[in-house]
Amino acid sequence: MDSKLWDGIVQYPAEFVEQYIAKGYWLGLSMSHFLNDCVRKYADHCAIICGAESLRYSELKQKVDQFAVYLAKKGYQAGDNLVIQLPNITEFFIAYFASIHLGMRPIMSLPAHRHAELSHFIQQTEAKLYICADHYLGFDYRTQARTCQQRCPSLKQVIVVGDDAEEFDAWPDTSSFSNQYVAEPAISARHVAFFQLSGGSTGTPKLIPRTHDDYLYSVRASAEICQLDAKSKMLMVLPVAHNFSLSSAGSLGLFYAGGTLVLAKDPSPNTCFNLIEKYQISHVALVPALAAKWLATVQQGAHNIFADLKLLQVGGARLADALARQLIEEYGCRLQQVFGMAEGLVNYTRYNDSIETIIATQGSRISPGDEIKIVDDADQELAIGQVGHLLTRGPYTIRGYFKADAHNSKAFTKDGFYRTGDLVRMTADGNIIVEGRSKDQINRGGEKIATEEVEQVLNQHPQVIQSALVSMPDEMLGEKSCAFIQWRKSNEDPSLTRLSMQLRQYVKNAGLATFKIPDYIELVDDMPYTALGKIDKKTLRQRLVTKH
Ligand code: OOB
C-alpha cells in the first residue's frame, strides 16, 4: 500500500520534513481532521449557500460522510484516483472531502477542460472514477465522458450531477447511509491528498501532488493573512477547484475560519452583484480581467459593490497599476494583490501595506519558510531590485510533478528549488513585482496556455508545416493568443478567414479547452529564427504589436 501511495511522487527530503514540523508549519493532521475540526467549532454556522440550498457545517459533514460510505461500498480504496470536474456547486465539496477522507486522490479539473486534457489526467493517474455535471455554460459533459470512457480503460465509473445518461450513474441519494461511517485509512498527513493542475509550459498539463500537511499549512496561514473569521461571507466567483479559489485563502481558508461560502453559478456582474448585495458578501477573489469587467459595470451605473467588500483579492495574472489605483482611489476598494501558483508559493499584499505597495507590487510570501531566489540565466543570485528568474522552495511548494522525471530535472534545481518561469524583482521591503515571464506560456485572463500543447495540435493539420503560438496584448484579458502558421500551399488555397476557421475548429475538435483555441491566426511564408535556430517568438510578438 505505502509504495503505491508514493509511486511517482517526489518527497520532501528528511531534513526539510523535520524542519517544517519543528517550525510548526506541518501539524501531521489530515484534510478530514481539518473538516472535523471546522464542524466541531462551527457546527451550526452556515457553511455553503448554492442557489436556494444552504448547508450548515454539520450538514456538510453529514453529506461528506454519507458519500464516503457510498464510495467505500463501490470498492474504492486509498490510493485510487478520480477526476472531479464540477462547476461551483455544493457537490464539489462533498466529492472532494469524501474522496480524500478515503485516501482517494481527486484531480482538480476545471470546467473549461475538454476530452484531450481529461483523457490525459485519467490515463496518467489510471483514475477509476470521473465526476462531472450534466452540462454547464452550454457544454454537455456526458458526451465528453463517453469519449474518455472509450479512451481510458482504467475508468470504471462516471457519476453525473444533474440529468444522468443511461450508461452513467446519477449523483447518489445517500440518505439511507445516515447511520453508517467509514473510518479514515491509516495514511499519513505527508501523503498526497489531491492533485492540482499546472498551467504548464510544455506539452501536456502536469499534475501537482499536494500533501495534507503542506496544503493545510498554506490554508491556515492564508486565512490569517486575509483576516477571515466566522462572520466572513465569501462569494466564490472563479472556478472552485483552482488553487487560488481553494486555498488562497479560498473556500478552505474560509471554512477554517467558520465563515459562509456563497457559490456563484457564473462570474457575470449580473449574477454576482445581486449575490453580493443579498448576502452582504465581505470577500471576493477575481482575476484582473473580471475586476475590469465588474468595474465597467459599476461605471455604467450599477451599485458600487467595491466599496461594500471588506477585501477584494485580485490575482492569477498581472493587475495593471492603473486599474489597481482606480479601484482603490476612485471606488474605495480594499484591495489585495495575490501572486501565486498551483505548485505552491503564494504572495499577498497585506491589509496594513501602504496604498503604493498594494497598487504597484504583487505582495510578499506567506511564510518565513518560503525561500526565494531571484537569479540570472546562469542561476547566479541577483541584487535586490534587479529583474531575474524567480526560484522558490518551501513548506507548501512541491518538489516535483507527478511521474515527470525528465521534466522535473528542468523545472527544479538540484537542491529542490522550483523554477517558476516568472521574471520578477524584489523591493527592499520584500515585496515582489512581476515583470514578465520566461516560460513559454500565455496568461489569457488568468487561464494559462502552454504554447507547445497547442502547437503540437496545429502541426498535425495537413496544411500546416509549422506553427508558433504567441501572446498579444489585449485590453480586457491582458493577453490573447495568436498562432503564426507556416502552411503548405496547394492549388485550392482557402482564404485566410476560411483557413483560420478551419484551424480553430481543428484545435477544438482535438479536445483542448476552449480558452486554448487561438484567438487570431497569421499566415507566414517562413518563420523568423534565433541564432540557435529556434523560432524567434520575440520577433513574432513584435510584429503583432506593430500590426494591431
Ligand atoms: C495562480 O496559479 P496558476 O498555477 O494558475 O498560475 C501560476 C502563474 C504564475 O507563475 C504567474 O505566471 C501567474 O500565474 N500569476 C501572476 C499573478 N498570479 C499568478 N502573474 C502576475 N501577477 C499575479 N498576481 O494563478 C494562482 C494560484 C494561487 C493564488 C493566486 C493565483
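As the structure is a computational prediction, the values presented were derived from the model and not from experiment.

(A) The side chain of Ser30, seen in detail. For Ser30, the location among the structural elements is in the loop between α2 (14-22) and α3 (31-42). A polar contact is formed between the side chain of Ser30 and the backbone nitrogen of His33, at a distance of 3.1 Å. The contacts of Ser30, once residues within four sequence positions are left out, are Glu184, Ala189, His212 and Leu216.

(B) How the structure looks around the domain arrangement of the protein chain. Along its sequence, the protein chain is carved into domain 1 (31-186), domain 2 (216-437) and domain 3 (441-547). Taken together, the contacts link 29 residues of domain 1 with 29 residues of domain 2. Taken together, the two surfaces of domain 1 and domain 2 that pack against each other cover about 2,400 Å², and 67% of this comes from carbon and sulfur. Looking only at domain 1, the three residues that lose the most surface to domain 2 are Phe34, Ile49 and Asn88, adding up to 28% of its buried area. There are zero salt bridges connecting domain 1 and domain 2. Where domain 1 touches domain 2, the interface holds 13 residue pairs in polar contact (both at pLDDT 80 or more).

(C) Inspection of the site of the ligand at higher detail. Lining the immediate surroundings of the ligand are 19 residues, of which Val338, Ala342, Asp422, Lys439 and Lys448 lie closest. Contacts to the ligand include Lys448, whose side-chain N or O atom sits 2.9 Å from an oxygen atom. For the ligand, whose free accessible area comes to 600 Å², the fraction covered by protein is 96%. Counting only elements with at least two residues in the shell around the ligand, the list comes to α9 (243-247) and β16 (335-341). Counting residues per element, the shell around the ligand draws most heavily on β16, which supplies four residues. Among the residues forming the shell around the ligand, the class breakdown is seven nonpolar, eight polar and four charged.

(D) Representation of the environment of Leu309. By the element assignment, Leu309 lies in the loop between α13 (305-308) and β15 (311-315). Separated by 138 residues in the primary sequence, Leu309 and Glu447 place their C-alpha atoms 25 Å from one another.

(E) A look at the sheet that holds strand β17 (residues 344-348). Pairing is mixed across the open sheet formed by nine strands, whose spatial order is β2-β1-β13-β12-β14-β15-β16-β17-β18. Each edge of the open sheet is held by one strand with a lone partner, namely β2 (53-56) and β18 (364-365). As judged from the three bridges shared by strand β1 (residues 46-50) and strand β13 (residues 260-263), these two strands associate in the parallel manner. Across the sheet, residue Ile48 finds its bridge partner in β13, namely Leu261. Along the sheet face, helix α11 (residues 269-279) touches β1, β12 (233-236), β13 and β14 (283-286) and points at about 165 degrees away from the line of β12.

(F) The environment of Arg151, seen in detail. For Arg151, the location among the structural elements is in helix α7 (residues 141-151). Separated by 31 residues in the primary sequence, Arg151 and His120 place their C-alpha atoms 9.6 Å from one another. The contacts of Arg151, once residues within four sequence positions are left out, are His115, Ser119 and Gln123.

Thresholds applied
Residues numbered from 1 in each chain as written. Predicted model: local features only at pLDDT ≥ 70, side-chain atom pairs only at ≥ 80, totals over all residues. Heavy atoms only, no water. Helix = DSSP H or I, 4+ residues; strand = E, 2+ residues; numbered from the N terminus. Polar contact = N/O pair within 3.5 Å; in protein donor to acceptor, adjacent residues only side chain to side chain. Contact = heavy atoms within 4.5 Å. Domains from an automatic or database assignment. Buried area = accessible area lost by both parts, 1.4 Å probe. Salt bridge = Lys/Arg side-chain N within 4 Å of Asp/Glu carboxyl O. Near = heavy atom within 4 Å. Areas by Shrake-Rupley, 256 points an atom, 1.4 Å probe, with all protein chains shown as cover. Nonpolar A, V, L, I, M, F, W, Y, C, P; charged D, E, K, R; others polar. Pairing = 2+ DSSP bridges. Axes fitted to C-alpha atoms, helices over the stretch in contact; angles between N-to-C directions.

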